[in-house]
Structure formats: structure tokens, C-alpha cells
Amino acid sequence: MENEEENRLRKITTRFKPGEFLLIDKRFKKTRFRKMSEYIRCVLLEKPITVTYRDKSMDEMLEELALLRRELNAIGNNLNQAVRQINAAHGSADNRLWLSLMSIIRSKVDPAIAQIKDRMQNFSELWSQKLKPDEASSGQ
């Protein structure tokens, strides 16, 4: 690959009308290329080009999911604080009762929180195009 970079000694200068350049630039920005020269070289040499696509209709849903994630984290933090307080005051019968209740609640809530977080992560990866749609649906 280094030899290929070293061999790029030939230069071609091409002029475009403003509308033509805007069209090329618009297509370039939809790809994952960092440099326009890489993109143009691939187009001219008929190499495969990966075009990114972002479904803007998912933006509102993702904002809602982000709020949900924050809320779930707050719930988890509150549960942890309650359990720490119960553990710090262990010894009396009331505290043992609270400890068993918190343990039951936590055993029910933690798996649900983990499942929601995993699903939200799948949506996030789908949105940012790290996953293909069929991989996201199978990750349920």
C-alpha cells in the first residue's frame, strides 16, 4: 500500500461549474471518505463506494430513548443507595425485612433494565450505521 501512495506522481486538474461541484460535493459527503481525492479516485477507477444513510425520522425516538436511559440509570442509582443504607444499618428485624424486599425488587428490576439498555444500544448502533437492520432485530 505504501508503494501505491509513493507512485502517485501524476496529477490531473479538472474544473467544474458551481452546480457540478455542488453535486460532487453532496455525493462525497454521503460517503465515509475523508478526502475528496480518495472519493474521486474511487469513482474514476470504478471501485466500490460505501454511501452512508441516516434515517432522520429516528431522531425523535432516539432522543426519547436517551431520556429513558438516563431515567433508568437514576432508578438504578437510587436502588444502589437504598441497598447501601440497608447494609449499613444491618442488624434489626426491620432492616432484614427491607433487605429481603430490596433483593426481590432488584432481582426483578435489574434484568429488565439490562434488557432495555441492550435494546437501546441496538437502536443506537442501527442509527449510527454500525449494525445492519437484520442484526439489530436478532439482538433482541
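- Within an unreviewed UniProt entry, the label attached to the protein reads Plasmid mobilization relaxosome protein MobC, and the organism entered is Mucilaginibacter terrae.

1. Overview of the overall build of the protein
Next, step 1: Helix and strand counts for the protein come out as six helices and zero strands.
Next, step 2: Going through the 140 residues of the protein one by one, you find that 14% of them count as buried.
Next, step 3: Sequence separation of 24 or more characterises 37% of the internal contacts of the protein that already satisfy a separation of 6 or more.
Next, step 4: Surface summary for the protein: the accessible area is close to 11800 Å², and the carbon and sulfur share equals 55%.

2. Some remarks on the packing of aromatic side chains
For any pair of aromatic rings, the description consists of the separation of the ring centres together with the inter-plane angle of the planes.
Next, step 1: What the rule picks out here adds up to two aromatic pairs.
Next, step 2: Seen from their ring centres, Phe28 and Tyr39 are 5.9 Å apart, and the 50° between their planes marks the pair as tilted. Of this pair, Phe28 sits in helix H2 (residues 18-29) while Tyr39 is found in helix H3 (residues 36-44), placing the two residues 11 residues apart along the sequence. Of the two residues, Phe28 and Tyr39, neither departs from the other in class, the shared state being buried.
Next, step 3: Aromatic ring contacts, followed pair by pair, group Phe28, Phe33 and Tyr39 into a single cluster.

3. Digging into a nonpolar patch on the surface
Next, step 1: The grouping of Leu97, Trp98, Leu101 and Ile105 at the surface amounts to a nonpolar patch, some 400 Å² of accessible area in total.
Next, step 2: Along the chain, Ile105 falls in helix H5 (residues 93-127).

4. Examining the side chain of Thr31
Next, step 1: By the secondary structure assignment, Thr31 is in the loop between H2 and H3.
Next, step 2: A polar side-chain atom of Thr31 sits 2.6 Å from the main-chain carbonyl oxygen of Phe28.

Conventions and cut-offs
Residues numbered from 1 in each chain as written. Predicted model: local features only at pLDDT ≥ 70, side-chain atom pairs only at ≥ 80, totals over all residues. Heavy atoms only, no water. Helix = DSSP H or I, 4+ residues; strand = E, 2+ residues; numbered from the N terminus. Buried < 20%, exposed > 50% of the residue type's maximum accessible area, 1.4 Å probe, protein only. Contact = heavy atoms within 4.5 Å. Areas by Shrake-Rupley, 256 points an atom, 1.4 Å probe, with all protein chains shown as cover. Phe/Tyr/Trp six-rings, centres within 6.5 Å; stacked < 30°, edge-to-face > 60°. Patch = residues over 30% accessible without salt bridge, like charges linked within 9 Å, V, L, I, M, F, W, Y side chains within 5 Å. Salt bridge = Lys/Arg side-chain N within 4 Å of Asp/Glu carboxyl O. Polar contact = N/O pair within 3.5 Å; in protein donor to acceptor, adjacent residues only side chain to side chain.

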